[in-house]
Amino acid sequence: MPASVITLRGVTALTPEGRALFTQLNLGFSSERTGLVGRNGVGKSTLLRLIAGDVKPDAGAVECSVTVVWLRQGCGATIRGTVAELFGIEAALARLARIEAGQGTLADFSAADWTLPARFESAVLGSGLDVRADTRIETLSGGQRTRLALAALLFGEPQFLLLDEPTNDLDSEGRAAVLDLLANWRGGALVVSHDRNLLGQMDCIVELTGLGATRYGGNWLHYQASKQAELAAVERDVADARKQLAATQRSAQQRVERKARSDGAGRRKRARGDAPKILLDARKERSEATGGGNARLAEARQAAAESALQTARDKVEILQALSIDFPSVGLARGKTVLELEAVTAGYAPLQPVLQDVSLSVSGPGRVALTGPNGSGKSTLVAVITGELAPLSGRVACRVDWARLDQRTGLLAEHATVLDNFRRQNPGLPDEACRGALARLGFRAAAALQEVASLSGGERLRAALACVLGGESPPQLLLLDEPTNHLDLEAIAVLEAGLRAYDGALLVVSHDEAFLDAIGIDRRISLGN
């Protein structure tokens, strides 16, 4: 591994409530591209904030020998002003404009950067955008703003990038532009992302878990292979620990049985009286002492064996993805579940987002709605669900349906997971409700958590349980960017659930790895 340019020494970070995200963390990052992965809530964004100097560690130190810039998650929603202001070149461009207009001062000529326009144009084109220096950022989409913010960071020629979910909310073109920018980057980068295509460009992967931080050489595919090998090794450790515990228990039982036989022989000899009493008493004392020592030894060995088994089980729980088993929805092959005929829709009658859209979905088809940001994909889902009435045309949904989106809007925020499940599945016995939630990891007290307190991955699991865990799951699922803001484990849970689902799917997503994993068999492109 190359020399570290950012070093964390004994770093501890606590939440405002005092919960430890990580303790005594020792970690180094070199001038290479590193992907940072881990479950939601494990502290990935906090780690970026510590390196950027936005917050201080509760213990330990962060040492940095390079210039660092930070692309915050969701920054596209917050930046304002002109493109020139974002790049920090407004005054420099005004200076050049005065010179070109014949109004430049001696100070203007002295400070003029004649390469600036060409460098600015190259940076903007590199982001895949066609904007001018005076373009107002408010006129751009959220995805375009994110790409522009990244281009502005690179324009400053930093030595190290901190990127927090840089491809979230980007369409396919935007994601490709970010991938190209990072592929050509020659400095160091630390990237928090669940975008597996982006992680495929990394030089190494660092995973944060409850066990600490682990570095894996290579990109996402190498990381996956290493994790599978690690899981297999840990499962072997579990099997070995079980064998050791069983052997310890057998050995202890055998010692108990031998002592019982020895004690029985001593009692019989004492009863016959064919040995001096003082000798018999001495043997009895030795036997009792030996028995007590053996019992303590057996307890210590069993405790050690049980501890080894629990440690191995804990590692398996951390490494192993949650599996899902949903009941069949009984959708007949070829049955039409959804029809749209010549639908025109939008939020302003004179400016429709969709015009004359027709489509039909039959069971158990898996259809992806694709197209650039603003092409009307979410609008079409709103028309299908009845949230938005079409301006013209006909919509017919012929089966029960449910919608899953990045906000898991079907869940009531201040109700428990169990109450949400009961609301979605009225009349289901309490035992069946708890059983369905347990299959998705909400056992016992976990089912009584308020939705508002859950992480993104936990909310997704709760929504999946509510939608698909009842006696009569819907035969059509509408998915609107469901993987945004989920960690990789939660995405794996979602993919497993949808692969097992035998109903029809209509999916809006720019995550190509996700679409491939759930078996999309048809694509409908909007806005082209």
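Structure: see above.
The text that follows walks through the structure, step by step, so that each part is easy to find.

What counts and how
- Residues numbered from 1 in each chain as written.
- Predicted model: local features only at pLDDT ≥ 70, side-chain atom pairs only at ≥ 80, totals over all residues.
- Heavy atoms only, no water.
- Helix = DSSP H or I, 4+ residues; strand = E, 2+ residues; numbered from the N terminus.
- Buried < 20%, exposed > 50% of the residue type's maximum accessible area, 1.4 Å probe, protein only.
- Contact = heavy atoms within 4.5 Å.
- Areas by Shrake-Rupley, 256 points an atom, 1.4 Å probe, with all protein chains shown as cover.
- Pairing = 2+ DSSP bridges.
- Axes fitted to C-alpha atoms, helices over the stretch in contact; angles between N-to-C directions.
- Expected span 1.5 Å × (residues − 1).
- Polar contact = N/O pair within 3.5 Å; in protein donor to acceptor, adjacent residues only side chain to side chain.
- Core = buried A, V, L, I, M, F, W, Y, C linked by side-chain atoms within 4.5 Å.
- Phe/Tyr/Trp six-rings, centres within 6.5 Å; stacked < 30°, edge-to-face > 60°.
- Left-handed = near helix turned anticlockwise from the far one by under 90°.
- Nonpolar A, V, L, I, M, F, W, Y, C, P; charged D, E, K, R; others polar.

**A short note on the overall build of the chain**
The number of helices and strands found in the chain is 16 helices and 17 strands. Across the 528 residues of the chain, 46% fall into the buried class. A separation threshold of at least 6 residues defines the contact pool for the chain, and within that pool the share at least 24 residues apart is 70%. Here the chain displays about 25,600 Å² of accessible surface, and carbon together with sulfur accounts for 50% of that area.

**With respect to the pairing of strand S10 (residues 336-345)**
As defined by bridge partners, S10 adjoins strand S11 (residues 354-362) across six bridges and the pair is classed as antiparallel. Paired with valine 343 across the two strands is valine 357, which belongs to S11. The pairing of S10 with strand S13 (residues 392-397) spans five bridges and is classified as antiparallel. Looking at the pairing, leucine 338 lines up with cysteine 397 of S13.

**Focus on the sheet that holds strand S17 (residues 522-525)**
One open sheet holds the five strands; their spatial order is S14-S15-S16-S12-S17, and the pairing between them is parallel. The open sheet has two free edges, formed respectively by strand S14 (401-405) and S17, since each of these has just one partner strand. Pairs of neighbouring strands in the sheet enclose a mean axial angle of 20°, with direction left out of account. Summarising the sheet, strand S15 (residues 476-480) and strand S16 (residues 504-508) pair through five bridges and their orientation is parallel. Paired with leucine 479 across the two strands is valine 507, which belongs to S16.

**Side note on helix H15 (residues 488-500)**
With 13 residues, H15 should reach 18 Å at 1.5 Å per residue; the first-to-last C-alpha distance of 18 Å fits that figure. Buried residues of H15: Leu488, Ala490, Ile491, Val493, Leu494, Glu495, Ala496, Gly497 and Leu498, and no others.

**Some details on the sheet that holds strand S1 (residues 4-14)**
Taken in spatial order, the three strands make up an open sheet running S2-S1-S4, and their pairing is antiparallel. Two strands lie at the open edges of the sheet, namely strand S2 (20-30) and strand S4 (59-64), each paired on one side alone. Between one strand and the next, the sheet's axes are offset by a mean angle of 10°, whatever the strand orientation. Examined bridge by bridge, S1 and S2 share seven bridges and lie antiparallel to one another. In the sheet register, alanine 13 faces S2, and the bridge partner there is phenylalanine 22. Helix-sheet contacts for helix H1 (residues 44-52) involve S1, S2 and S4, and the interaxial angle to S2 is about 60°.

**Structural notes on the environment of leucine 162**
Here leucine 162 is to be found in strand S6 (residues 160-164). Using a relative accessible area of 0% as the deciding quantity, one classes leucine 162 as buried. Each C-alpha atom, one on leucine 162 and one on valine 191, is 6.1 Å from the other, the two residues being 29 residues apart in sequence. If near-sequence neighbours (up to four positions away) are discounted, leucine 162 is found in contact with Leu48, Ile51, Ala52, Val68, Val69, Trp70, Leu71 and Leu190.

**Thoughts on the environment of serine 453**
Inspection of the secondary structure puts serine 453 in the loop between helix H13 (430-439) and helix H14 (456-468). Sequence spacing of serine 453 and histidine 414 is 39 residues, and the spatial spacing of their C-alpha atoms is 8.8 Å. At a separation of 2.7 Å, a polar atom in the side chain of serine 453 contacts the main-chain carbonyl oxygen of glutamate 450.

**Considerations on the nonpolar core**
Ranked by internal contacts, the top residues of the largest apolar core, which has 67 residues, are Leu338 and Leu477. A total of eight residues in this core trace back to one element, the largest contributor, which is H14. Excluding residues that lie within four positions of it along the chain, leucine 338 makes contacts with Leu359, Ser360, Val361, Ile384, Ala396, Cys397, Leu476 and Leu506.

**A look at the side chain of threonine 7**
Tracing the backbone shows threonine 7 in strand S1. For threonine 7, a relative accessible area of 16% puts it in the buried group. Contact partners of threonine 7, with chain neighbours within four places excluded, come to Leu27, Gly28, Ala61, Val62 and Glu63.

**Focus: the packing of aromatic side chains**
Tallying each qualifying case throughout the model produces four aromatic pairs. With 5.2 Å between their ring centres and 85° between their planes, tyrosine 216 and tyrosine 223 make a pair best called edge-to-face. Judged by relative accessible area, which is 7%, tyrosine 223 ranks as buried. Between the aromatic rings of tryptophan 220 and tyrosine 223, the centroid separation amounts to 5.1 Å while the plane-to-plane angle is 35°, which identifies the pairing as tilted. Of this pair, tryptophan 220 and tyrosine 223 both sit in helix H9 (residues 220-272), three residues apart, which is roughly one turn of that helix. Pairwise contacts between aromatic rings join Phe87, Phe120 and Phe155 into one cluster.

**Topic: the packing of helix H12 (residues 417-424) against H13**
It is at 10 Å that the axes of H12 and H13 come closest, and there the two elements cross at 115°. Of the two elements, H12 crosses H13, and the hand of that crossing is right-handed. Residues Val417, Leu418, Phe421 and Arg422 of H12 form the contact with H13, whose participating residues are Asp430, Cys433, Arg434, Ala436 and Leu437. For the contact of H12 with H13, the residue count by class is six nonpolar, no polar and three charged.

**Quick look at the side chain of serine 127**
Counting through the fold element by element, serine 127 comes out in the loop between helix H5 (116-126) and helix H6 (142-155). At 2.6 Å, the side chain of serine 127 forms a polar contact with the backbone oxygen of valine 124. Beyond its immediate sequence surroundings of up to four residues, serine 127 is in contact with Arg147, Leu148, Ala151, Ala177 and Leu181.

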